[in-house]
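# What the coordinates show
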Amino acid sequence: MVLPSIEERKKRHIEVSLKEDVQTRVGTGLEDVHLIHRCLPELNLEDVRTETELFGHRLSAPFIISAMTGGTEEAARINENLAEAAELLGIGLGVGSQRIALEDPSREYTFRVVREHAPTTLLIGNLGCPQLALGYGVEEARRCVEMIDADALALHMNPLQETIQMGGDTRYRGVLERIREIAEGLDVPVIAKETGSGVAYEEAVLLERAGVEALDVSGVGGTSWSATEHYLARDHGDRLRERLGRTFWDWGIPTAISLVEVKRSTNLTVIASGGIRTGIDMAKAIALGADAVGVAHPLLKYAVKSAESLVDYLRQILLEFRIAMFLVGAGTVRELREVPVVICGRTGEWLRLRGFRPEEFAARAKR
Ligand SMILES: Cc1cc2nc3c(=O)[nH]c(=O)nc-3n(C[C@H](O)[C@H](O)[C@H](O)COP(=O)(O)O)c2cc1C
């Protein structure tokens, strides 16, 4: 069987994400997380301040457009729209894996457009851990940063996707040491980022010791890479991988659980992503300790159309976030991190069994 090229795979990832159901069938755990409604918020909606700081950058809200694409003509257009929207709204933006441009520098422009269209906002570069096991190191990481004048670099961890993908790179031995070298050798912060299966506290502790500055948990509850690769395997008549993709569709740690585990076990900056869909999800994640949230899949269908349609959609999520802050009586993002949160059901039970105490969130000091 002839394996698809990286370019073909990139194109197909976008098509599949737009046309097929690639979402997990289980929730993020945020459905078990409840904020307490305050019938007398004692502040005005218009006075709610959603601004925050991330990696030394001022953002209008703790929101990042998560890594999605680059490398093809279509990806360049999508990246332009994402960048225009991020710049206009003052939010952060991650590019997709830059491996394709490291291998073929004629594709660098598909990533560079991002800095051209977002000259001031927080930009995050992206490189995959499997490439680190195959020999990429500080030099390649530096090229990724320089390519887009990035403010931080995400090293994505995707062992599930690689096992389902035809011809995937399943070597992960030695990756932690490479991450340590890159974290030491770069002068921008390194983010260890999952891609939809979550980060357990055990790895969070190791990654903190390795010198990364931040984690992006990208947990279960949103886009499933097992699902995406299931469709790609089906295209090529690879029945085994098609079935594997179905079996592992919902594999991993739900976003809310991963977030609490890693925030409570480390002093790292933590981005919560994986299934964040509304401003209420966003407010819950910040109240559980996230420094910012990331959203990928729902933005794609707007980004292929126009920057304007994307801006409209993002404005809605950001307004929902502001309203949720108002309704819990939080005038600032810092205050939102202190509001009481009730964690019930499977999420509460899972956290308790793993040694975390969900009760502590509910017992936060009353105003
Ligand atoms: C079309 C598409 C392409 C993606 N490509 C990358 C990538 O190159 N690098 C990466 O770190 N994550 C990538 N992701 C994962 C997202 O950044 C994010 O972690 C994941 O989709 C969960 O967020 P969501 O549920 O909001 O989609 C991609 C996601 C989508 C939908």
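A brief structural summary.

Procedures and definitions
Residues numbered from 1 in each chain as written. Predicted model: local features only at pLDDT ≥ 70, side-chain atom pairs only at ≥ 80, totals over all residues. Near = placed C-beta within 6 Å. Helix = DSSP H or I, 4+ residues; strand = E, 2+ residues; numbered from the N terminus. Nonpolar A, V, L, I, M, F, W, Y, C, P; charged D, E, K, R; others polar. Buried ≥ 20, exposed ≤ 12 C-beta atoms within 10 Å, placed from the backbone. Contact = placed C-beta atoms within 7 Å. Pairing = 2+ DSSP bridges. Axes fitted to C-alpha atoms, helices over the stretch in contact; angles between N-to-C directions. Right-handed = clockwise from strand over helix to strand, strands pointing away.

Glancing now at the site of the ligand. In the vicinity of the ligand, 26 residues are found, and the nearest of them are Gly96, His156, Gly222, Ala296 and His297. Elements supplying a minimum of two residues to the shell around the ligand: α1 (6-19), β7 (152-157) and α14 (297-303). With 3 residues, α1 is the single largest residue contributor to the shell around the ligand. In terms of residue class, the shell around the ligand is made up of 8 nonpolar, 17 polar and 1 charged.

All right, on to helix α12 (residues 255-265) then. A large share of α12 lies buried, amounting to 9 of its 11 residues. All buried positions along α12 are accounted for by Thr255, Ala256, Ile257, Ser258, Leu259, Val260, Glu261, Val262 and Lys263. Contacts made by the buried residues of α12 are with β1 (33-35), α9 (201-209), β9 (214-216), β10 (269-273), α13 (279-287) and α17 (345-353).

On to the sheet that holds strand β4 (residues 63-65). With respect to topology, 8 strands assemble into a closed barrel ordered β4-β5-β6-β7-β8-β9-β10-β11, the strand pairing being parallel. Direction aside, neighbouring strands of the sheet carry axes that sit 25° apart on average. The pairing of strand β6 (residues 123-128) with β7 spans 5 bridges and is classified as parallel. Residue pairing across strands places asparagine 126 opposite alanine 154, the latter belonging to β7. Each of β9 and β10 touches α12; the most contacted strand, β10, lies at about 175° to it.

What follows concerns the pairing of strand β11 (residues 292-295). Working note: regular strand, side chains alternate between the two faces of the sheet. Here β11 shows two buried faces, one formed by Ala292 and Gly294 and the other by Val293 and Val295. Of the strand pairs in this sheet, β4 and β11 are connected by 3 bridges, and their pairing is parallel. Across the sheet, isoleucine 64 pairs through a bridge with glycine 294, a residue of β11. Of the strand pairs in this sheet, β10 and β11 are connected by 3 bridges, and their pairing is parallel. Looking at β11, one finds that alanine 272 is bridged to valine 293. Each parallel crossover has a hand, and for β10 linked through α13 to β11 it is right-handed.

Turning next to the pairing of β10. With 4 of 5 residues buried, β10 lies mostly within the body of the structure. The pairing of β9 with β10 spans 3 bridges and is classified as parallel. For leucine 215, the partnering residue across the bridge sits in β10 and is valine 270.

Bringing unusual backbone geometry into the picture now. With a phi angle near 50°, aspartate 149 is a residue other than glycine that sits in the positive phi range. Assignment of secondary structure puts aspartate 149 in the loop between α6 (138-148) and β7. For serine 218, which is not glycine, the phi dihedral falls at a positive 30°.

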